[in-house]
Amino acid sequence: MTNQTFEQLKKTYESGRTRPLAWRRAQLNALRRLVTENRDAFVSSAMADLGKPAAETVLMELNLVAGEAQFVRNRLSLWTARHPKAMHWMLQPAAGWTIAEPKGVVLIISPWNYPVLLALEPMADALAAGNAVCLKPSELSPNTSKLLAELVPQYLDSEAVRVVEGGPKETGELLKCPFNHIFYTGGGHVGKIVMRAAAEHLTPVTLELGGKSPCFVDRTADINVAARRIAWGKFTNAGQTCVAPDYVLATPDVAEALAERIAVAITEFYGEDPKASPDFGRIINDRHFERLCKLLPVGTVPPEEPSSPLVQVASAVGAAMDMVGRRFNAVTTGRGGAGEMADSANNAAKPTAGSNMAAADDGATASAAVEPSEIHKVPGVFDLAGRIVCGGKVDRAARYIAPTVLYGTSPDAPVMKEEIFGPILPILVVEDAESAIRFINKRSRPLAAYVFSRDHEVRLTFERQTSSGALGYSLPLGHLLSSRLPFGGVGASGIGTYHGKAGFLTFSHVKTVVTKPQFPDTLRLVYPPFNEAKAKLFDIIAKFS
């Protein structure tokens, strides 16, 4: 079935059907109608899949898709026109230009966290570039996937745009087809699978991945504004946003106050009981829920009801031993001496969860437990995950995790070993901006980094000395919302960009065209044989080149 879909799309593209600007504009207009006329249906599907609030679906997905489609549509004439380029004087008379042509048949593999936006926004760019498109929505958001499969053929050219539903099996079959471009949004593990499959056909790829996006705050920032913006950026979509602030690095003079102020902002946004708030979402599935629970301090989450008294006793003993072990490690690490040296030796010998990405990214130090002098140990905090300032409440049946702020988190904590992708915000106490930059640079390059500081030198230092897909001063998520700004990662956080013109170029091949009249044939001067007169001419040309 997947091969038949590819062959149909290939046949349509080769017929020339997708190239005219009139066809492209018609598809982009239809895409706008698709999201505007079916707003309620998309809101319902996102609520069923993610418990996503209606306002978030409209503002962060539907409106952005409609805006992207209109933005690229209005600029097609300019982007597809010939762009003249100067030719070398030795080739005169001659002319040259570039022109963007479609790549062909493209595959878009979209994720579950923004199931409409991250499926249809890259599709808008691909259609603007004149491609035939195969969309594979995530099976983890089945209601939205089904809705897209129903609506796309009703609004768009069904012979040039197809939706393939299914799971890993169908994705694997699609990856065997020789697409002309593959656009994938998701995790790094599957990203590597996509890249390996694309290499079989030398297919270019765009990988929109993720990572642990840091957020630095110092004493020059307005703490109230910083707290609200960090809380908004982090807990939108229940923290399931690829560019959400993953953790905070705050200087000692503001760290605790910031943690408490973020807790206040959470109450302002979601009320005393965020579970009852219509504006706070849920975790996508049980597997991700359990993964997130393991990142919280020991004893925070009650275990699932054991089946017998014996299992209950064993569970209690195991939890107690785990807590004692964490506290012992935290104390010995903070105290230093032989215990610290032993821990350092063990950490050096054992790769951490992110070590492979870091090594592959830019040769950064692999172990996450390497900065005892840069991260301050907070007195009275014994669990590596830190002290819970707010949140920590969960409901397995509802897949609900309250917006949680952790203060005094250790770099060795499980919550610092992987991208969180949920409503848990660890705050680490860092000496200063230089220490924060060293901490960030020892890890894989993130999809985004955020700085809340009014110190111009601090901002400039972050801009010059850190590498990330994007850098935001006092503004999380801002670049995600603009069609005028390229969006993409670097290193382990992704390859390539899209949005607006960047997206149009991602799905285009920019072809160089040159022309020279046959008369006069000035190239006769460089044809063989090369005699002494021509050698002197070459010397003269070299002097003026």
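This write-up is about the structure you can find in this document.

**Focus: the packing of aromatic side chains**
Under the definition given, this model contains 13 aromatic pairs. Arranged with centres 5.0 Å apart and planes meeting at 75°, the rings of Phe6 and Phe179 form a pair that is edge-to-face. Placement of Phe6 in helix α1 (residues 2-14) and of Phe179 in the loop between α8 (168-175) and β6 (181-185) is noted, with a sequence separation of 173 residues between them. Every member of this aromatic cluster is reached through a ring pair, and the members are Phe183, Phe487, Tyr498 and Phe507. Just above the ring of Phe71 sits the side chain of Arg75; from NZ or CZ to the centre is 3.7 Å. The positively charged end of Arg443 is found above the aromatic ring belonging to Phe439, 3.7 Å away from the centroid.

**Digging into the pairing of strand β2 (residues 95-102)**
Most of β2 sits out of view: 6 of its 8 residues are buried. Here 3 bridges tie strand β1 (residues 83-85) to β2, and the two strands are oriented antiparallel to one another. When the sheet's bridge partners are listed, His83 is paired in β2 with Thr98. Where β2 meets strand β20 (residues 508-515), 8 bridges bridge the pair, whose relative direction is antiparallel. Each bridged residue has a counterpart across the sheet, and for Ala100 the counterpart in β20 is Val510.

**Observations concerning unusual backbone geometry**
Residue Pro520 is reached from Phe519 by a cis peptide bond, and omega for that bond is 0°. Along the chain, Pro520 turns up in the loop between β20 and α19 (532-544). Note that the residue after Pro528, namely Pro529, is joined by a cis bond; omega there is 0°. With respect to the helices and strands, Pro529 occurs in the loop between β20 and α19. At Arg399, a position not held by glycine, the phi torsion is positive, near 50°. Note on placement: Arg399 falls in the loop between β11 (394-395) and β12 (400-401). On the accessibility criterion, Arg399 (23% relative accessible area) is partly exposed. The phi dihedral of His499 falls on the positive side, at around 90°, and the residue is not glycine.

**A short note on the sheet that holds strand β5 (residues 161-163)**
With mixed pairing, the 6 strands of this open sheet are ordered in space as β5-β4-β3-β6-β7-β18. The strands lining the two open edges of the sheet, one partner per strand, are β5 and β18 (494-495). Relative to strand β4 (residues 132-136), strand β3 (residues 105-109) runs parallel, the two sharing 5 bridges. Bridge pairing in β4 places Ile109 opposite Lys136.

**Quick word on the pattern of salt bridges**
Going through the model one piece at a time under the given rule, you end up with 13 salt bridges. Arg387 is the salt-bridge partner of Glu256, the closest N and O atoms lying 3.3 Å from each other. Here Arg387 lies in strand β10 (residues 387-390) and Glu256 lies in helix α11 (residues 255-270), a separation of 131 residues in the sequence. Exposure remark for Arg387: the relative accessible area of 36% places this residue in the partly exposed category. A salt bridge links Glu268 to Arg261; the shortest N-O distance between them is 3.3 Å. Of the residues examined, Arg261 reaches a relative accessible area of 14% and is grouped as buried. What you see here is one network of salt bridges that share partners, running through Arg17, Asp157 and Glu159.

Calculation notes
- Residues numbered from 1 in each chain as written.
- Predicted model: local features only at pLDDT ≥ 70, side-chain atom pairs only at ≥ 80, totals over all residues.
- Heavy atoms only, no water.
- Phe/Tyr/Trp six-rings, centres within 6.5 Å; stacked < 30°, edge-to-face > 60°.
- Helix = DSSP H or I, 4+ residues; strand = E, 2+ residues; numbered from the N terminus.
- Lys NZ or Arg CZ within 6 Å of the ring centre and 35° of its normal.
- Buried < 20%, exposed > 50% of the residue type's maximum accessible area, 1.4 Å probe, protein only.
- Pairing = 2+ DSSP bridges.
- Salt bridge = Lys/Arg side-chain N within 4 Å of Asp/Glu carboxyl O.

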